[in-house]
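Survey of secondary and tertiary structure
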Amino acid sequence: MTDVLLLHGGVGSDSTINPKLDGFASEAFNGDSLDSAVMAVSLMEDDESFNAGTGSVMRIDGSIQMDASVMVPGKFGAVISIERVRNPIIVAREVMEKSPHVIIAGDGATRFARMMGHQDYDPSTEKARMRLQKVLEELKGHPSDEERSRLFMLSISREAHDTVGAVARIGGMFAAAVSTGGSSPMMRGRVGDCPIPGSGIFAGENGAVVATGIGEEIIRRHLCFSIYSRIGKEPLQKIMDEEISKFGAIAVGAIAVSRDEFAHSANKDMATGFHLR
Ligand code: GLY
């Protein structure tokens, strides 16, 4: 059985950057499956072209709150709405391995990161500021909550959601890691699919899966567990294509590894990279 590390740059990302992601996969392929998946995601968090870590989108109040999680069979760790750290994925791993909890949210997540030695870091970029400006322009003249909510949903359905993620099968062990700045536009405190096990991430004895796309819809359909629960019963590519097709025009993608296959599927362009050994 070949070892594999597979990553994606988010649904809506341009697949012409696949060679760059192949490079990240090769660089990150070090140590066990969890080390490799976390390293792959941290490389994408550090690259401001992705919506995770540096380059994350802003909430409508101008803040950046990020979600990230890691999973291996029987273990899970996540941070929700963490602020001012460079690598939320590393903090999520620390929640799993160094805290008595599985999820830490908000101020508590940021405080936990400082306890773990993560320095204060501003992940904002010019691109994120310009995107927020555009959103605020669109929201002008829509004063009622109902109108603004409707506009949110319209915008949500047409914007790309470029969460980053990685799955690995190394030495027969599975791991999954996922990180995001969230969607745009979005309210402060909104939580997407990334830190919800079974929705944006799942890993078990039969494989590992991570998702990208509109978090609200992914949560409603617990996409990653829907894929995982079918692993071994049909070809992996068929399972993934069928599960993704259930979302119709709503932008969604996923990557997965099983005992003997790996596959990706998305209903829009999605950059992917992999490394085999
Ligand atoms: N898939 C990322 C999010 O909706 O937050």
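Attention here is on the structure that accompanies the text. (Residues numbered from 1 in each chain as written. Predicted model: local features only at pLDDT ≥ 70, side-chain atom pairs only at ≥ 80, totals over all residues. Heavy atoms only, no water.)

**With respect to the site of the ligand**
Taken together, T163, T180, G182, R190, G192, D193, G213 and G215 make up the full set of residues near the ligand. At 3.0 Å from a nitrogen atom of the ligand is found a side-chain nitrogen or oxygen belonging to T163. G215 is positioned such that a nitrogen or oxygen atom in its backbone is 2.9 Å from an oxygen atom of the ligand. Isolated, the ligand exposes 200 Å² of accessible area, and the fraction of that covered by the protein chains is 100%. Partitioned by chemical class, the residues of the shell around the ligand number no nonpolar, 6 polar and 2 charged. (Near = heavy atom within 4 Å. Polar contact = N/O pair within 3.5 Å; in protein donor to acceptor, adjacent residues only side chain to side chain. Areas by Shrake-Rupley, 256 points an atom, 1.4 Å probe, with all protein chains shown as cover. Nonpolar A, V, L, I, M, F, W, Y, C, P; charged D, E, K, R; others polar.)

**Focus on the environment of V57**
With respect to the secondary-structure elements, V57 resides in the loop between α2 (33–45) and β2 (66–72). Look at V57 and you get buried, because its relative accessible area is 4%. Each C-alpha atom, one on V57 and one on L223, is 23 Å from the other, the two residues being 166 residues apart in sequence. (Helix = DSSP H or I, 4+ residues; strand = E, 2+ residues; numbered from the N terminus. Buried < 20%, exposed > 50% of the residue type's maximum accessible area, 1.4 Å probe, protein only.)

**As for the sheet that holds strand β9 (residues 252–258)**
One open sheet accounts for 4 strands, arranged β7-β8-β9-β10; its pairing is antiparallel. Two strands bound the open sheet, and with one partner strand each, they are β7 (201–204) and β10 (262–266). Direction aside, neighbouring strands of the sheet carry axes that sit 5° apart on average. Sheet topology note: the strand β8 (residues 207–213)/β9 ladder contains 7 bridges and is antiparallel. Counterpart to V209 in the pairing with β9 is A256. (Pairing = 2+ DSSP bridges. Axes fitted to C-alpha atoms, helices over the stretch in contact; angles between N-to-C directions.)

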